[in-house]
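Here is what each chain is made of, one letter per residue.
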Amino acid sequence: MNTARNVNGREHRSGGQATIHFTVNGRNRAVTVPPMKRLLDVLREDLHLTGTKEGCGEGECGSCSVRMNGELVNSCLVPVLQAEGAKILTVEGLAVGKHLHPLQEAFLNQGGAQCGICTPGMLMAAEQLLAQNPHPTMAEIREALAGNLCRCTGFMRIFESVVAAAAAESATQAKAPHLEKTHHAR
Amino acid sequence: MEKCLTTRIVGASVPRKEGADKLLGRACYVDDMEREGMWFGATVRSAIPRGIIRSIAFDRHIDWSEFTVVTARDIPGENHIHLIMTDQPCLADGKVNHCEEPILLLAHPDKHKLRKAVAAVHIEYELLPPVFSIEESERQDVIVWGADNLLKSYLLEKGDVDSAFSRAAHLVEGEYRTGPQEHLYIENQGIIAEYSAERGVTVWGSLQCPYYVFKSLRAVFDLPEEKVRVIQTETGGAFGGKEDFPSNVACHAALLAMKCGHPVKVVYDRIEDLAATTKRHPSRTRHRTALDKEGKLLAMEIDLATDGGAYATLSSTVLSRATLHASGPYLCPNVRIRSRSWATNNVPYGAFRGFGAPQAVFAMERHMDEIAAVLNMDPVELRRRNFLHEGDTNATEQLMREPVILDQLLDRALTESDYSARRRRFAQENSGSTIKRGMGISAFYHGSGFTGAGEVYLNSLAGVDVTHDGHVRVLVSNTEFGQGTNTILTQIAAEALGIEYSDAAMAAPDTGTVPNSGPTVASRTGMVVGRLIERAGLQLLALLREHAGLGASHTRDEFFAACARYRAAHGELVSLCRYEAPPDVHWDDEKYHGEAYGAYAWAVQVAQVAVDTVTYSAEVEEFWTVQEVGRVLHPILAAGQIEGGVAQGIGYALYEKVVMQDGRMANNQMTNYIMPTAEDVPPIHVYFEQIPFRYGGFGAKGIGELPHDGPAPAILNAIRDAIGIGFNSIPLLPEDLYAGLVSNQPAEEPVLP
């Protein structure tokens, strides 16, 4: 395993701790923590971003999904040292001010969230999909969400939500493409 | 038929009440909460299924002075988890009866120090012989519970079964088995507890039934009502798994909090949650059925057994519901059902969506297809000839007073699924293909609310109040855990009061605030509690009309103006209603005779399944479910309930296997306990027929459990249709299909319509 020394030069070590710098939801953050601390725990405990959930702790359920440098990761499997310099997006970074993100709006209207515990991770997986593929087929939606378990919905309404969000996003894009661009730039 | 459907808010798909919080990541689940000075708790559990605890030693490499240690001796009140019986200890005292039984509790300010500490508690046991199966338990060679291992038994008799068998044209027997099923709520069990001598015990947690936890805490701490407070936090799925189990976690966290003097959080990780918490009861059901030459049911003899695990928990009531659903939605003049729940040294089984009905319905509906094969009859036609209708009586001789539209549900299911044409097409295509497709059906009902006199006994109290700042609050102890309680109850309140949906909110689910409106179980929230809220709303309007000058019809503003006048003159504005049983409801709990349930929800489901004869996998390709659940209060939430239940039912049939080894779950990880994913769940087509039920909240009957009852038999019936082999046991994994395909001659040819 890597130690803090292997990570690029900016952090320093003190008592088994390392200072990690990264961007979370557009904000520069620095945390001094054990370098092998899970990104999930850093988000929840050190940054108090508790929207990201733990379901299994072994990368099976996807509840802890966040976007890191444009990739979808299970934050329970990422030692925070790997996040040095990274751009991270969590569920707290989706909405802009008072306005729900189109995915959040769609999940609300289509019944895509029931108990809500898988929802933050599910939203991140859906956001990842739409960022890369704005007009996914149903098969692509199913594949993109296959790493995120939902025990409540049977997934039907989650699929509908993603379809609705894709439609809404492309409608928005047609009207005001610059807004959409800033949105994904985070 | 669709009467009284003119409502503004009920029946509309308004936004989920707490939806925005969940979508923004703001909803506060127990693990998102912290309390000042909070410590963390962990549980030391039994490593063996049954034995005497000989010694407990603490490893010297750990500085135990940093830890708080709790044993049974620290319990100030009674050492049991309050439920139907008092056999389950809060902490084992001298002996253990199942693996993972809690023996000792640890707390520390640093949660990362707990794992090592748990492993550093060394317990020596004297092993006693364990019992792991229904068969071992019923042999009674080893007695592990009570005098005879029997947790509960029922005998239900209608007509004269024995003489009916002597006149039968056909006699069909079968044995059906179901395995344990894990709830797999994505949020694990968790509780935060605080204790002070002055205020007693306060707990926050992920739970379904605040008053169950309340009663358990009172017993364990020997405290009066005013010194126990239970607050539900946002709950990330439950499905029955947070009906009774959270009482254990709450008592443990509170004992630690009392002893260490700090708030204590106990949150299980997935491995502990899967190993130590309840699952669906495994079952074995034997059917012996007499029919006349037209295929009409003459007599049914049913012997049903469940494995209850090491303690009684809810096994008696699960068995009751299994018994009452065992003979299906069919008219049969002679019925005898014997049912027994047996104690073993498995982890206690508990409540899970359907509560015994999925086990019983699996057996009945698989058996119907085996009967059809023996009679050389289309399974659809066999069901149609035997359906209950309005005016008939079921096995408990409950008169079907409300409309029963099984024929209509069946017709719609057949039409929507294009059942007959697909079956014919598959029969042709299958012969030339390694993929064999088939269509399967299930028909069933599910009783809404508590069984028999259960709702009378619960004596639920619920209502609404209007706060000084002009907000209407729904006062119930019923909880939201995804199914939509917050939304439907505020819809009902707003509708009844003639105000807007946004004017009504839920009071916090806090036993210090809300009355006991009963547990959130048994598909009772919409029907029973919803009706209480509807009545409380109408009662509040009557109060305002009499004492605050509210007109016979009113606007929203007039309503709140009247509320302000009432409050100015009289103070608090509260309207509570207590449960009243519908008239003419009689239940004999000794003979299991009479009105078993206030109402039944009905469904017909159809599965299209493809069996790959090369890989031995079975895949559900499409699923149709048609149901009558009374009034649909919220179309999107209702469809979501059905789809989610069907997905769990598909998992129950084809994916979810709890591998038990010597009383311990061997596959207690999400890596190897497999539930259906987004790629496994087929398109699920949901159709409602609505017949408002006069005693339900704006016409609602139960909905939540119904959809889980039918998928497993429909899927296995479809497999029988596809490959001609009737499998009688679930879960049916590829290795089971392989075993069946290589060893079985195909059963009787499936009959085409």
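Note that the coordinates shown come from a computational prediction; the quantities given were computed from them, not determined experimentally.

Cut-offs used in this document
Once a new chain begins, its residue numbering starts again from 1 and follows that chain's sequence as written. As they are written, the chains are lettered A onward and the ligands numbered 1 onward, keeping that order. At least 70 in pLDDT is required for a residue's local features to be given in this predicted model, at least 80 for side-chain atom pairs to be given and counted, and no such filter applies to totals for whole chains, interfaces and linings, which use all residues. Just so you know, side-chain values use all the structure's heavy atoms and leave hydrogens and water out. Throughout this description, the term salt bridge denotes a Lys or Arg side-chain nitrogen within 4 Å of a carboxyl oxygen of Asp or Glu. Counting from the N terminus, the helices are DSSP H or I runs at least four residues long and the strands are E runs at least two residues long. Start and end positions for the domains come from either an automated domain assignment or a database one. Any two residues whose heavy atoms approach within 4.5 Å are treated as being in contact. When two components associate, each loses some accessible surface as probed by a 1.4 Å sphere; the sum of these losses over both components is called the buried area. Whenever a nitrogen or oxygen atom comes within 3.5 Å of another N or O atom, the pair is scored as a polar contact, on the condition that within protein one atom can donate a hydrogen and the other can accept it, and that pairs from neighbouring residues in sequence are kept only if both atoms are in side chains. Relative accessibility thresholds used throughout: buried, under 20% of the residue-type maximum; exposed, over 50%; partly exposed, between the two (1.4 Å probe, protein chains only). Cavities and pockets were defined on a 1 Å grid built over protein atoms only: a cavity is a set of grid points that admits a 1.4 Å probe from which the probe cannot escape, a pocket is an open set flanked by protein on both sides within 12 Å along at least five of seven lines, and lining residues are those with an atom within 4 Å of any such point. Grid points are joined across faces, edges and corners, and a volume is the space filled by probe spheres set on the points. Following the grouping adopted for this structure description, the nonpolar residues are Ala, Val, Leu, Ile, Met, Phe, Trp, Tyr, Cys and Pro, the charged ones are Asp, Glu, Lys and Arg, and the polar ones are all others, Gly among them. DSSP calls a pair of strands paired once it identifies at least 2 bridges connecting them. The criterion is simple. A nonpolar core is a set of buried Ala, Val, Leu, Ile, Met, Phe, Trp, Tyr and Cys residues joined through side-chain atoms within 4.5 Å. Multiplying one less than the number of residues by 1.5 Å gives the expected span of a helix. What the arc measures is the spread of directions leading from the helix axis to the C-beta atoms.

> Just checking my understanding: could you explain the pattern of salt bridges for this structure?
In a structure, side chains of opposite charge can pair up when their charged atoms sit close to one another. Residues and elements named next belong to chain B. What the rule picks out here adds up to 65 salt bridges over all chains. With its nearest N and O atoms 2.8 Å apart, the salt bridge here joins Arg284 to Glu138. A residue pair is termed long-range when its members are at least 10 positions apart, and Arg284 in strand E13 (residues 283–291) and Glu138 in helix H3 (residues 134–139) qualify at 146 residues. For the salt bridge of Lys701 with Glu628, the shortest nitrogen-to-oxygen distance reads 2.7 Å.

> Looking at this model, I keep getting lost on the domain arrangement of chain A. Mind explaining?
By a widespread convention, an interface's size corresponds to the accessible area lost as its parts come together. Residue and element names in this part refer to chain A. One can read the domain layout of chain A as domain 1 (4–93) and domain 2 (102–185). Across the boundary between the two partners, domain 1 contributes 15 residues, which contact 15 residues of domain 2. Taken together, both faces of the contact between domain 1 and domain 2 bury some 1,200 Å²; the carbon and sulfur share is 56%. In terms of surface lost to domain 2, no three residues of domain 1 exceed Arg67, Leu72 and Val91, which account for 41% of the buried area on that side. For the pair domain 1 and domain 2, the number of links is 1 salt bridge. Between Arg67 and Glu127 there is a salt bridge, with the nearest N and O atoms lying 3.5 Å from each other. If you look at where domain 1 meets domain 2, you find 6 residue pairs in polar contact (both at pLDDT 80 or more). Sort the elements by how many residues they give to the side of domain 1 that touches domain 2 and strand E4 (residues 65–68) lands first, with 3 residues.

> What's the story with unusual backbone geometry in this structure? I'm lost.
Comment: phi is negative for the bulk of residues other than glycine, and the bulk of peptide bonds are trans. For the peptide bond that leads from Ile730(B) to Pro731(B), omega is 0°, which places it in the cis range. Mapping Pro731(B) onto the fold places it in the loop between strand E28 (729–730) and helix H20 (734–743). In this structure, His48(A) takes a positive phi of about 55° despite not being glycine. As for its position among the elements, His48(A) is in the loop between helix H1 (39–46) and E4. With a relative accessible area of 52%, His48(A) lands in the exposed category. The phi dihedral of Asn149(B) falls on the positive side, at around 75°, and the residue is not glycine. The topology assignment puts Asn149(B) in the loop between H3 and strand E7 (150–158).

> Would you mind going over empty space enclosed by the protein with me for this structure?
If a probe the size of a water molecule is rolled over the atoms, the empty space left behind becomes visible. All names here are of chain B. Applying the stated criterion across every chain, the model contains 9 cavities of 30 Å³ or more. Lining the largest cavity are 20 residues; nearest its centre among them are Gln88, His98, Phe245, Asn248 and Ala276. Classifying every residue of the lining of the largest cavity by side-chain character gives 10 nonpolar, 6 polar and 4 charged. There are two domains that each give the lining of the largest cavity at least three residues, and those are domain 2 (33–128 + 189–269) and domain 3 (283–451 + 590–743).

> Help me out: how do you make sense of the pairing of strand E17 (residues 461–466) of chain B in this one?
The two faces of a sheet get side chains in turn, since along a regular strand they alternate between them. Residues and elements named next belong to chain B. Among the 6 residues that make up E17, 6 are buried, leaving the element largely enclosed by the rest of the structure. Burial along E17 is two-sided: the face carrying Leu461, Gly463 and Asp465 and the face carrying Ala462, Val464 and Val466 are both buried. Direction of pairing for E17 relative to strand E20 (residues 573–578): antiparallel, over a ladder of 6 bridges. Opposite Gly463, over in E20, you have Leu576 as the bridge partner. Across 4 bridges, the pairing between E17 and strand E18 (residues 472–475) is antiparallel. Among the inter-strand pairings, Gly463 is bridged to a residue of E18, identified as Leu475. Connecting E17 to the next strand, E18, in antiparallel fashion are 5 residues, including Gly470 with a positive phi near 75°.

> Would you mind going over the interface of chain B and chain A with me for this structure?
Between chain B and chain A, the residue contacts involve 52 residues of the former and 44 residues of the latter. The largest contributions to the chain B side of the interface with chain A come from Leu23(B), Ile186(B) and Ala678(B), which together make up 20% of the buried area. On the surface where chain B and chain A come into contact, there are 6 salt bridges. Measuring nitrogen to oxygen at the nearest pair gives 2.8 Å for the salt bridge that ties Glu643(B) to Arg157(A). At the junction of chain B and chain A, the tally comes to 24 residue pairs in polar contact (both at pLDDT 80 or more). Here the element with the most residues in the side of chain B that touches chain A is helix H17 (residues 635–654) of chain B; it accounts for 8 residues. For the side of chain B that touches chain A, the residue count by class is 23 nonpolar, 16 polar and 13 charged.

> Quick question: what am I supposed to make of the nonpolar core here?
Nonpolar side chains in soluble globular proteins tend to end up buried together. Ranked by internal contacts, the top residues of the largest apolar core, which has 92 residues, are Leu145(A), Phe155(A), Val162(A), Val609(B), Leu654(B), Ile715(B) and Ile719(B). Look past the residues within four positions of Val162(A) in its chain and what remains in contact with it is Leu103(A), Phe107(A), Ala126(A), Leu129(A), Leu130(A), Ile141(A) and Leu145(A). In terms of nonpolar packing, the next biggest core, distinct from the first, is built from 54 residues, Leu409(B), Tyr419(B), Val606(B) and Trp624(B) among them.

> Looking at this model, I keep getting lost on the environment of Leu155(B). Mind explaining?
All names here are of chain B. Considering the arrangement of structural elements, one finds Leu155 in strand E7. The exposure class assigned to Leu155 is partly exposed, which follows from its relative accessible area of 34%. Each C-alpha atom, one on Leu155 and one on Ala599, is 22 Å from the other, the two residues being 444 residues apart in sequence. Sequence-distant contacts of Leu155, defined by excluding residues within four places in its chain, comprise Arg336, Ile337, Arg338, Lys591 and Tyr592.

> I tried to follow the domain arrangement of chain B on my own but got confused; where do I start?
Residues and elements named next belong to chain B. What the domain assignment reports for chain B is domain 1 (19–27 + 460–578), domain 2 (33–128 + 189–269) and domain 3 (283–451 + 590–743). Summarising the inter-unit geometry, the C-alpha centres of domain 2 and domain 3 are found 37 Å apart. Each partner contributes to the interface: domain 2 provides 21 residues, whereas domain 3 provides 21 residues. Ranking the residues of domain 2 by area buried against domain 3 places Ile84, His98 and Phe239 at the top, with a combined share of 30%. If you look at where domain 2 meets domain 3, you find 1 salt bridge.

> How do you make sense of helix H11 (residues 406–417) of chain B when you look at a structure like this?
Residues spaced three or four apart along an α-helix face the same direction, because each turn holds 3.6 residues. All names here are of chain B. Between its first and last C-alpha, H11 extends 16 Å over 12 residues, near the 16 Å set by a 1.5 Å rise per residue. Turning to H11, its buried residues number three or more, namely Leu406, Leu409, Leu410, Ala413, Leu414 and Ser417. Along H11, the residues classed as buried sweep out an arc of 130° about the axis, all on the same side. Lining the buried residues of H11 we find helix H10 (379–386), helix H12 (419–430), strand E16 (435–448), strand E23 (599–612), strand E24 (618–628) and strand E27 (684–689). The first or second residue beyond H11 is Asp418, which carries a positive phi of 55°.

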